[in-house]
Amino acid sequence: MEILTTGIVGLTVASSFLYAVWPLVRPPEDAGSVLPDANGRETREHEIARLLLERDQAYKSIMDIEFDRQMGKLSDEDFAQMMEGARARALEVLRKLEARGVEEGAVPVRIDEREAGLAAEQFAAGAEAAGEEDEEEESTEDSLDARLEEEILAYRKVKPAEGAPKPAPRPAAKPRAASAARFCPSCGAKAGESHNFCAACGFKLK
Amino acid sequence: MLFIELGSYGITAAFVLAIFSVIASVWGGLSRRADFILAGRNAAMAVFGLVTAASVALLWLLLARDYRVEYVAGHVDNQLNAFYRFSAFWGGQEGSLLLWVLLLCIFSFTVIVQNRDRNQVLMPYVTATLMVTALFFLTVLAFITPPFATLPTPPPDGKGLNPLLQDWGMVIHPPNLYLGFVGFAVPFAFCIGALVSGKLDTDWITSTRRWTLFAWFFLGIGILLGGAWAYKELGWGGYWAWDPVENASLMPWLTGTAFLHSVMIQEKRGMLKVWNVSLIIMTYALTIFGTFLTRSGIISSVHAFASSSFGWAFLAYLAIALAVSFGLVIWRLPLLRSEHEMESFFSREASFLLNNVVLVGMTFAVFWGTIFPVVSEAVKGIKVTVGPPFFNQVNVPIAILLIFLAGASPLLAWRRTSGKQFQKSFVYPSVVAAGGLATLLLFGVTHVFAVLAIALSIFSVATIWLEYYRGVSARVRHQGENAWTAFWELTMRNKRRFGGYIVHLGMAILFIGIAASSAYQQVGEVRLRPGESFSMNGIRLRYEGLRETRNPQYTSAFAKLAVYQGGRRLGDIEPEKRLYFTPPQPTTEAGIRRGFASDIYAVFAEAGEDGATFRFMINPLLNWVWMGGIIFTLGSLICFFPERWGRRRRALPSAYGSEGDYRAPDKSPTPAAAE
Amino acid sequence: MTPQRAKFIIAGIVVVSAFLYLAVSGFRSDNFVYFMTVDEAATKAASLNGQGIRVQGKVVPKTITRNPQAMGLAFRLQGEKQTLAVSYRGVPPDLLENGFPVIAEGKLDESGTLVAKNLMVACPSKFEEMKAKGEAIPQEHQKMVERATKE
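Values in this document were obtained by computation on a predicted structure and should not be read as measured data.

**Overview of the overall build of chain C**
Looking only at helices and strands, chain C features 5 helices and 7 strands. Secondary structure elements in chain C, listed N-terminal to C-terminal, are α-β-α-α-β-β-β-β-β-β-α-α. Considering only contacts in chain C between residues 6 or more positions apart, those separated by 24 or more positions represent 50%.

**Comments concerning the overall build of chain A**
Check the secondary structure of chain A and you find 5 helices and 2 strands. Counted from the first residue to the last, chain A has its helices and strands arranged as α-α-α-α-α-β-β. Within the span of chain A, comprising 206 residues, buried residues form 31% of the whole. Of all intrachain contacts in chain A linking residues separated by at least 6 positions in sequence, the fraction that spans at least 24 positions is 52%.

**A look at the UniProt feature "transmembrane region" (unreviewed entry) in chain C**
Here, the residues flagged by UniProt with the feature "transmembrane region" (unreviewed entry) are residues 6-24 of chain C. Taken end to end, residues 6-24 of chain C has its terminal C-alpha atoms 26 Å apart, with 100% of it in helix and 0% in strand.

**Notes on the sheet that holds strand S2 (residues 522-528) of chain B**
Residue and element names in this part refer to chain B. Here 4 strands make up an open sheet; going across it, the order is S2-S11-S10-S9 and the pairing antiparallel. Pairing within the sheet leaves two strands with one partner each, and these edge strands are S2 and strand S9 (591-593). When the angles between neighbouring strand axes are averaged without regard to direction, this sheet yields 15°.

**Remarks on the confidence of the model for chain A**
Residues and elements named next belong to chain A. Of the residues in chain A, 49% have a pLDDT of 70 or more, and the chain-wide mean is 66. The weakest mean pLDDT in chain A belongs to helix H5 (residues 143-161) at 51; the strongest belongs to helix H1 (residues 2-25) at 93. This stretch, residues 128-144, has a pLDDT under 50; its non-local contacts, to residues over four places away or in other chains, come to 32 contacts. Across residues 158-180, where pLDDT falls below 50, the model places 15 contacts with residues more than four positions away in sequence or in other chains.

**Remarks on the packing of helix H5 (residues 93-114) of chain B against helix H6 (residues 123-144) of chain B**
Residue and element names in this part refer to chain B. Between H5 and H6, the shortest axis-to-axis distance is 10 Å and the interhelical angle comes to 165°. The pairing of H5 with H6 is recorded here as roughly antiparallel in orientation. Crossing hand, H5 versus H6: left-handed. Touching Glu 94, Leu 97, Leu 98, Trp 100, Val 101, Leu 104, Cys 105, Ser 108, Val 111 and Ile 112 of H5 are Val 126, Thr 127, Leu 130, Thr 133, Ala 134, Phe 137, Leu 138, Val 140 and Leu 141, all from H6. Classifying every residue of the contact of H5 with H6 gives 15 nonpolar, 3 polar and 1 charged.

**Focus on the environment of Tyr 428 of chain B**
All names here are of chain B. Relative to the elements of secondary structure, Tyr 428 occurs in helix H16 (residues 419-442). With 15 C-beta atoms counted inside 10 Å, the residue Tyr 428 sits in the partly exposed group. With near-sequence residues (within four places) excluded, Tyr 428 lies in contact with Ala 462 and Leu 466.

**Details of the pairing of strand S4 (residues 72-78) of chain C**
Residue and element names in this part refer to chain C. Where strand S2 (residues 52-59) meets S4, 2 bridges bridge the pair, whose relative direction is antiparallel. Within the sheet, the bridge partner assigned to Val 59 lies in S4 and is Leu 77. With 3 bridges joining them, strand S3 (residues 65-67) and S4 adopt antiparallel strand pairing. Residue Asn 67 lies in a different strand from S4, and its bridge partner there is Gly 72. Where S3 folds back onto S4 in an antiparallel hairpin, the turn is made up of 4 residues, including Met 71, whose phi is positive at roughly 55°. The antiparallel hairpin formed by S4 and strand S5 (residues 83-89) contains 4 residues in its connecting segment.

**Observations concerning H1 of chain A**
Over its 24 residues, H1 of chain A runs 32 Å from end to end, which matches the ideal 34 Å to within 8%, given 1.5 Å per residue. Its axis deflected by about 35° at Tyr 19 of chain A, H1 of chain A carries its strongest bend there, up to four residues before the proline Pro 23 of chain A. Among the residues of H1 of chain A, those classed as buried are Val 9, Thr 12, Val 13, Ser 16, Ala 20 and Pro 23 of chain A. Buried residues in H1 of chain A make contact with helix H1 (2-31) and helix H2 (34-63) of chain B.

**Structural notes on the environment of Val 171 of chain B**
Mapped onto the elements of the fold, Val 171 of chain B is located in helix H7 (residues 168-183). Each C-alpha atom, one on Val 171 of chain B and one on Arg 475 of chain B, is 46 Å from the other, the two residues being 304 residues apart in sequence.

**A short note on H2 of chain B**
Residue and element names in this part refer to chain B. Along its 30 residues, H2 runs 43 Å from first to last C-alpha, staying within 8% of the 44 Å computed at 1.5 Å per residue. Across the 30 residues that make up H2, a large majority, 24, are buried. Note on H2: the residue one or two positions beyond its end, Arg 65, has a positive phi of about 55°.

**Section: unusual backbone geometry**
All names here are of chain B. Look at Arg 65: it is not a glycine, yet its phi comes out positive at around 55°. Among the structural elements, Arg 65 can be located in the loop between H2 and helix H3 (70-75). According to the C-beta neighbour criterion, Arg 65 is partly exposed, with 17 such atoms within 10 Å. Backbone geometry at Leu 621 places phi at a positive 55°, although glycine is not the residue there. As for its placement among the helices and strands, Leu 621 is situated in the loop between strand S11 (611-620) and helix H20 (623-640). We classify Leu 621 as buried; it has 21 C-beta atoms within 10 Å.

**A closer look at the packing of H16 of chain B against helix H17 (residues 448-479) of chain B**
Helices that pack against each other are described as a pair by the angle of their axes relative to one another and the distance between those axes. Residues and elements named next belong to chain B. Close contact between H16 and H17 brings their axes to 8 Å; oriented N to C, the two are set at 145°. Two packed elements cross with a definite hand, and for H16 against H17 that hand is right-handed. Here Ser 425, Tyr 428, Pro 429, Ser 430, Val 432, Ala 433, Gly 436, Leu 437, Leu 440 and Leu 441 of H16 come into contact with H17, specifically with Val 451, Ile 454, Ala 455, Leu 456, Ile 458, Phe 459, Ala 462, Thr 463 and Leu 466. Of the residues assigned to the contact of H16 with H17, the class counts are 15 nonpolar, 4 polar and no charged.

**What to know about the nonpolar core**
Residues and elements named next belong to chain B. Formed by 213 residues in total, the largest nonpolar core has its most connected members in Val 47, Val 101 and Ala 134. When residues in this core are grouped by element, the largest group, 19 residues, is from H2. Among the domains, domain 1 (1-161) and domain 2 (522-624) are the pair contributing at least three residues each to this core. Residues contacting Ala 134, with those up to four places away along its chain left out, are Ala 18, Val 47, Val 101, Leu 104 and Cys 105.

**Examining the environment of Tyr 284 of chain B**
Residues and elements named next belong to chain B. Its location among the elements puts Tyr 284 in helix H12 (residues 273-296). Here Tyr 284 falls in the buried class, since 27 other C-beta atoms lie within 10 Å of it. Expressed as a C-alpha distance, the spacing of Tyr 284 and Ala 185, which sit 99 residues apart in the sequence, is 6.1 Å. Apart from the residues lying within four places of it in its own chain, the contact partners of Tyr 284 are Phe 184, Ala 185 and Phe 188.

**Side note on the pairing of strand S3 (residues 533-536) of chain B**
As defined by bridge partners, S3 of chain B adjoins strand S4 (residues 539-550) of chain B across 4 bridges and the pair is classed as antiparallel. The residue bridging Ser 535 of chain B from the neighbouring strand is Arg 540 of chain B, located in S4 of chain B.

**Digging into the confidence of the model for chain C**
Residues and elements named next belong to chain C. Looking at chain C, the pLDDT average stands at 73 and 74% of residues meet or exceed 70. Long-range and interchain partners of residues 124-151, a stretch whose pLDDT sits below 50, account for 27 contacts in this model, where long-range means more than four residues apart. Scored by ipTM, the complex comes to 0.81, with pTM at 0.83.

Parameters at a glance
Per chain, the residues get numbers from 1 upward, laid out in the order the sequence is written. Numbering of ligands from 1 and lettering of chains from A proceed in the order in which they are written. Owing to the predicted nature of the model, reporting of local features is limited to residues with pLDDT of at least 70; listing and counting of side-chain atom pairs is limited to 80 or more, with chain, interface and lining totals taken over all residues. Numbering of helices and strands starts at the N terminus; helices are DSSP runs of H or I of at least 4 residues and strands are runs of E of at least 2. Whether two residues are in contact depends on their C-beta atoms, placed from the backbone: they are in contact if these lie within 7 Å. Each residue is classed by its C-beta neighbour count within 10 Å, where at least 20 other C-beta atoms makes it buried, 12 or fewer makes it exposed, and intermediate counts make it partly exposed; the C-beta atoms are placed from backbone geometry. UniProt positions are given in the numbering used here, feature names are shortened, and annotations may be inferred rather than shown by experiment. Two strands are counted as paired when DSSP detects at least two bridges linking them. Every axis in this analysis is a line fitted to C-alpha atoms, fitted for helices over the stretch in contact. Angles between the N-to-C directions lie between 0 and 180 degrees. The predictor reports its confidence for every residue as pLDDT, a score running from 0 up to 100. With respect to orientation, any angle under 35 degrees is reported as roughly parallel, any angle over 145 as roughly antiparallel, any angle of 65 to 115 as roughly perpendicular, and every other angle as oblique. Definitions for this section: a left-handed crossing has its near helix turned counterclockwise from the far helix by less than a right angle. A right-handed crossing has that turn clockwise. Under the scheme applied here, ten amino acids are nonpolar (Ala, Val, Leu, Ile, Met, Phe, Trp, Tyr, Cys and Pro), four are charged (Asp, Glu, Lys and Arg), and all others, including Gly, are polar. Helices are assigned an expected span. That span is 1.5 Å times one less than the residue count. Across the chain, bend at a residue is computed as the angle between axes fitted to the seven residues ending at that point and the seven starting from it. Here a nonpolar core is just a set of buried residues of the types Ala, Val, Leu, Ile, Met, Phe, Trp, Tyr and Cys, joined wherever their C-beta atoms sit within 7 Å. An automatic or database domain assignment supplies the start and end points of every domain.

Next up, the structure:
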């Protein structure tokens, strides 16, 4: 019995030690997942992940300000002033993301750290953004989301006129091809040319 | 012998590997070497494996009643059922410490797995910090109080489990509290990682938000359940005595609450960075200190399990941990500068800051009061204790201010609130609170602190109601939802905010319960013969007789009391007195009739032919304390769930792309835009 | 330092001062309870003026008198050289037996008796310690156990 006991205990302890020192004995080829800046790729990944989270923070701020306004805690001037600052911050983050190849809408808003990391990986690898696991969009939509989108769009349209520097040369940024105004077949509200969902009722347009 | 060897060698091996893990992780992090970082990580996982093996071994030995092991002989006997043999694991000193380190290893394992692909800058130091903590406990377990020490001759029967611990409440209590204590090691480890690496953005906070909530929640529940148990089992009709061991668990909870609030300021406005790192260091230190207080018996307490010889080890570790941690803070001060300034008193930041100051002040008062006997003995040569009068005198006004803040804060916006808007919002809850105040006074409730506490709790509740009302109205107006859907959606889309409101609601109700039951408790002590009655405050208790029973573990006597109110028989209560055999010890079980408006509470001291001696108490609104606790639990759970639970992930629609098309609007290929 | 900053610092000082005042005022000597040995309590009765004290000692054998009618209890505590009379009204704690260690908290009256508000009896694990040190567990306790187990 002594032999069995010694054997089992010995085996347990020995294998623990072995497991612990193994990376020193046989260093891993790919140290990527553990080191923050092995070959520059990770740094960019890390930056993208961080910017995505910053972007979500910025959006959340905007929504919070909007929310406080709805709840009647902010006066008109305070609201306008804070909103302007928050929007500016959001746009700045969006610009930084574009500079790193992440386009607007490529990664959904309100992701968590893990998803930010995954998305960043894919962008760093040069792949198109993931997002395919989203199935059918639900028809109801958060109108705050929609309003947010409109405002950011509107703000963006203004920005180029104010001479904000473009991050990278784009293929012929041209005025949008004039098209007839679109209306939502469900509720009749006006919808922008590029909108896929109605901002008022959430009906899928495309 | 297998399990004994497995246990003791397992602990020794874990001790060695923990040292290895610390050294390898720190070296790997500093020199940016993946092989060392991985080795350190693997070693931490191995420590987890070994500690788990040792724990399983101890469990086996307890269940099998292997009296060769001193710990088993000391806490189990031949009569004890399997459930209590299981819980005997943490019934004594050594097992309790093993449980602490087991939980720490489980958490370390989880953190490592969760972060295998992220936080690469921080993780080596996180691993090292967690392993240093484990190392301390493993040192004590390996060299000072080994759980697997054997006896030269195994006795035929063990000493059995303390009867006070043979109760499901006491079985859950230590693991419950330890989940809280140990849980705070995780945010602390990330903080140290941030300080060492210099990466002092909010990553260390956002990565550990749920861990902080988890630890804080379990600590809070542990405190409440401890109080509930004391209420039922200790027979003095109260649930909190400002006992040193109770205070030991309260203090980290207070600083943890402060921390939960102040990190929101850093996330939102980049302020209070130094404060936050200091606060989590203090919280961690208080959890170690709390474990020390509970285990060492250095401060005389009815709770103290046994005086131990290793209190000095805890103090030494505490001193080193504090010195190193604050040294790191001082070193990194330049990186901890605030990004913004506080703009207005009437802002949420300001209210959170005040909340923090108040909570830390309360902690300081409780700490000072708790260690005062030790200090006064060292300084003046006589031991002086300060009891409940001191703690209540200092903490009650503070708690009142706190509950007011909990009410005022939702009315404030971040950065600044427009004066007029604030006034408008302030009116409704103030009017309701004033109404409550007037009602109380009208009904003859005049105890100053009770009235203030209840009125301000009403103020808080009214604010929360107002927030919900306004939020729901906004959704009904803009989204066309019905009120119930709006209520649900509002909470689920703003889990942090509205979960927090519900936690506050729970605290307000709890506070009302505390105020009423403390200020207006009625006590009566009397000796009754069978058939005789005692009346108090409209309640009549009639002693009907004694009944005795017996089981292998104890004999017991029940005193049957009929409860009458206004001539109507409400029911019966049966306080009980037990006499356990091993170890020989009597215990008291209170007879309680719980009600929404009050509790009727009875214990009896002894009974003979000529009657029994009783102590009766009426505790108004006592169950509000537990009800508040339940609501607190609900709110915490809401805060804990991820933001998108219950709602499917969606990309921002339209201009931001739809399925398959992820290019920005002005890049979309149209016929006009020839490349 | 901007006026804004100054405002906050002043507010901070006000809050902290208020708190310190509260804390310090709680430290009044009538909130204090002095921990004394039996001998000190027995001799210093006069100088204490109704100060709250806490005394630890062992119950002197054969001095426990119970008055169930009046719910009273009296006994003497053993110190190094002297003994101290203790009286208590109310529900007596479990485990109060001859020779047991007890902590009594209360005030001394004119006759030098400690009128106890609170009696704390040691936790059973203390008995383990006593056994380990070779002290005898009090006889009464054994008898009580035997009585219970025999039935």
